[in-house]
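Topology and contacts: notes
Residues per chain, in single letters:
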Amino acid sequence: MSEVVVLLDLIKRQRSDKYRTFTMNAIWKYINPIARLGLAKYSPVPAIVFTSLMCVLVEFYNIVIRNEPDLVTFNIIFILLGIVIYFAFRDGVIGGLSATAVAVVYFTYLIITKIDPRSDQMDAAELALVIITLYLFASLVIGWLKQTIDKLIEREANEKIRLQSIIEQLPVGVVITDEHGRVVNGNKKVNEIVGTQIKKGLHVGKEMFIKAYSNGKLLSPAQWPISKVLTSNRPVVGDELVVYQDDGKKVHLQVSASLIRNKKGKIIAVASIINDITERKELEERKDDFVNMASHELKTPITSNKIYLDLLSNFIDKNEKEKALKTVASIKYQTERLQELVSDLLDVSRLQTGKLSLRKETFYIKDVIAETTNQLQESVKQELSFSTKVNPKVSADKFRIYQVLTNLITNAAKYSPKDSKILIKLQQDKHKVIVSVQDFGLGITKHQQKKIFERLYQVTDSKEKTFPGLGMGLYISKEIIRKHRGKIWVESKKDHGSTFYFSLPRTTKV
Ligand code: ADP
């Protein structure tokens, strides 16, 4: 119980401490004119209230405490001058003038009530006029100065906001350091790209805040582009680096950095632009792999055919008709493979240049699926089972739909055990038909599912790598379906099989 009381007391004390410092800060900010620089809020009220209070206090002191109701001391001139200067600095021209106005009223009161009307009143009025002119002058000059400073500070602050919002909206990462390489500014994009928070004050040239590699070698902080610019005084353009994010993701960066100088030519900052070029790099890598694999895939049937042709001439020489016919069948098979490969390559290139056109007609999609399934059953080991309860019509390119189906079914066969089943289904709703091809094979991880429809993407898992293919099929299928205003997607679980779906708009046309 006592602990609870102590705890509550602690919380209360902490709260009140916080509250106290908060109010102290607020009071300090209210009375300290330096803290109000740049605030550009001017009010006559504090000047009028405070100056009036001061005059009343002086009167109170003279009348009540010193008991000399007619006393007029010169000190009041300086006290009021101080107050006028203070308010001109706090509230600009309006503050200074308001304090001066109260002073005028007070001086008039003094002249009328405390100076002998017969002798000194004129002299006192003249003196008051001189003093008031001085007050006015101080109010105007100091007030104007204060307002000019406020404007400059505001302009500078606006400039900063403008610059920051431009930096934030850039599609690239930006880091700005001071002349020593200490981070002074940056945008959120840069944190996203490198996968770590680049905090203000970080010394890029000294602290190892992230591991970056160039040509496979780990960079020391002194080798970062920003550090290089500072030591060489020359800009760095397009340095390519690789960093690994916390989750192990490899990111390719392209970094440029240059010096920023002031009007006198003195270096005041370094600006660095960081571009995420991972996608481009991955595509380049895939293209290189593709050229390798494509040459290999094309070479295999050509080499086989060369061998078969030698065999064929041998069999013809020896008049072995049966063997010769078998060899011709093999040559035909290899030539068909070649033809498929070349037509896939042509399709990819047509898609790239936007030249793949559709020859649409209206037909029952069930017929095309049944035909494709029957035809493929002859070449795949697995049992293909097609079932449907509906018979919708679509307006599509028959050959291209056949091509997509063939790709999905041959993939299902390629990536699943020979003794498993492949289920092909056709469903419909009001607006579309949905075709699905389900296998019980290798399955695809979530990460790979996002990528398999990309151009030239192949799963690089060592198990899958053994299957021939160039990663073109699903890309071509996706583009064909997209051109039909349909959708293609996959649902899969690693080691449990995959279901590929595609949808097409239904047609009611005859
Ligand atoms: P490929 O010519 O390599 O088969 P695709 O574009 O047809 O090219 O497929 C891309 C990748 O998607 C394949 O390399 C394979 O890893 C994966 N994939 C496609 N279909 C399946 C499937 N039914 N089961 C498992 N993996 C598949």
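Refer to the structure presented above.
As a starting point, this report considers the structure included with it. Remember, predicted model here, so these are calculated numbers, not experimental data.

Secondary structure summary: the protein contains 13 helices and 14 strands in total. Computed over the C-alpha atoms, the radius of gyration of the protein is 43 Å, more than 25% above the 24 Å expected from 2.2 N^0.38 for a compact globule of 510 residues. Dimensions of the protein, computed from the C-alpha atoms along their principal axes, are close to 155 × 60 × 60 Å. Buried positions account for 37% of the 510 residues belonging to the protein. Carbon and sulfur atoms provide 59% of the accessible area of the protein, an area that totals close to 31600 Å². Charged side chains of the protein number 76 positive and 55 negative; the gap between the two group centres comes to 4 Å.

Now for helix α4 (residues 121-169). End to end, α4 covers 70 Å across 49 residues, agreeing with the expected 72 Å (1.5 Å per residue, within 8%). Buried residues along α4 sit in contact with α3 (75-114), β1 (173-178) and β2 (183-186).

What follows deals with the nonpolar core. If you look at the biggest cluster of nonpolar residues, it comprises 45 residues, and the most contacted ones within it are Ile-365, Ile-401 and Phe-502. In terms of residue count, the dominant contributor to this core is helix α10 (residues 398-414) (7 residues). Residues within four places of Ile-365 in sequence aside, it is in contact with Pro-392, Val-394, Ile-401, Leu-426, Val-433, Val-435 and Leu-504. Ranked by size, the runner-up nonpolar core spans 25 residues in total, among them Leu-202, Leu-259, Val-270 and Ile-274.

Moving on to the pairing of strand β10 (residues 393-396). Each regular strand carries side chains that alternate between the two faces of the sheet. As paired elements, strand β8 (residues 361-364) and β10 share 4 bridges and run antiparallel to each other. When the bridges of β10 are listed, Phe-363 appears paired with Val-394. By the bridge criterion, 2 bridges tie β10 to strand β14 (residues 497-507) in an arrangement that is antiparallel. Residue pairing for β14: Lys-393 is matched across the bridge by Thr-507.

With that out of the way, let us pick up the pattern of salt bridges. Applying the stated criterion to the full structure yields 21 salt bridges. Residue Arg-280 is joined to Glu-240 by a salt bridge in which the shortest nitrogen-to-oxygen separation is 3.5 Å. Linking Arg-280 in helix α7 (residues 278-317) with Glu-240 in strand β5 (residues 236-244), this pair joins segments that are 40 residues apart in sequence. For Arg-280, a relative accessible area of 41% puts it in the partly exposed group. Taking relative accessible area as the criterion, Glu-240 reaches 34% and is therefore assigned partly exposed. Between Glu-320 and Lys-323 there is a salt bridge; the shortest N-O distance is 3.6 Å. With a relative accessible area of 43%, Lys-323 lands in the partly exposed category.

Think of an α-helix as 3.6 residues a turn; residues three or four steps apart then line up on the same face. Burial runs high along helix α13 (residues 473-483): 8 of the 11 residues are buried. Restricting attention to buried positions, one finds in α13 the residues Gly-473, Leu-474, Tyr-475, Ile-476, Ser-477, Glu-479, Ile-480 and Ile-481. In this structure, the buried residues of α13 make contact with α8 (321-352), α10, β13 (487-493) and β14. Just beyond α13, the residue with positive phi is Arg-485, at close to 60 degrees.

A few words now on the environment of Ile-132. Following the sequence through the fold, Ile-132 ends up in helix α4. For the pair formed by Ile-132 and Ile-77, sequence separation is 55 residues and the distance between their alpha carbons is 9.5 Å. In this view, Ile-132 contacts Thr-100, Ala-103, Val-104 and Phe-107; residues no more than four positions away in its chain are not counted.

The next point concerns a nonpolar patch on the surface. A cluster of nonpolar side chains, namely Leu-57, Phe-60, Tyr-61, Ile-63, Val-64, Ile-65 and Tyr-109, defines an oily patch on the protein surface of about 670 Å² accessible area. Here the nonpolar patch takes 6 residues from helix α2 (residues 45-65), the largest share from any one element. Topologically, Tyr-61 is positioned in helix α2.

Looking now at the side chain of Asn-62. With respect to the helices and strands, Asn-62 occurs in helix α2. The class of Asn-62 is buried, set by a relative accessible area of 4%.

Basis of the calculations
Residues numbered from 1 in each chain as written. Predicted model: local features only at pLDDT ≥ 70, side-chain atom pairs only at ≥ 80, totals over all residues. Heavy atoms only, no water. Helix = DSSP H or I, 4+ residues; strand = E, 2+ residues; numbered from the N terminus. Rg over C-alpha atoms; globule rule 2.2 N^0.38 Å. Buried < 20%, exposed > 50% of the residue type's maximum accessible area, 1.4 Å probe, protein only. Areas by Shrake-Rupley, 256 points an atom, 1.4 Å probe, with all protein chains shown as cover. Lys, Arg positive; Asp, Glu negative; His and termini not counted. Charge placed at Lys NZ, Arg CZ, Asp CG, Glu CD. Expected span 1.5 Å × (residues − 1). Contact = heavy atoms within 4.5 Å. Core = buried A, V, L, I, M, F, W, Y, C linked by side-chain atoms within 4.5 Å. Pairing = 2+ DSSP bridges. Salt bridge = Lys/Arg side-chain N within 4 Å of Asp/Glu carboxyl O. Patch = residues over 30% accessible without salt bridge, like charges linked within 9 Å, V, L, I, M, F, W, Y side chains within 5 Å.

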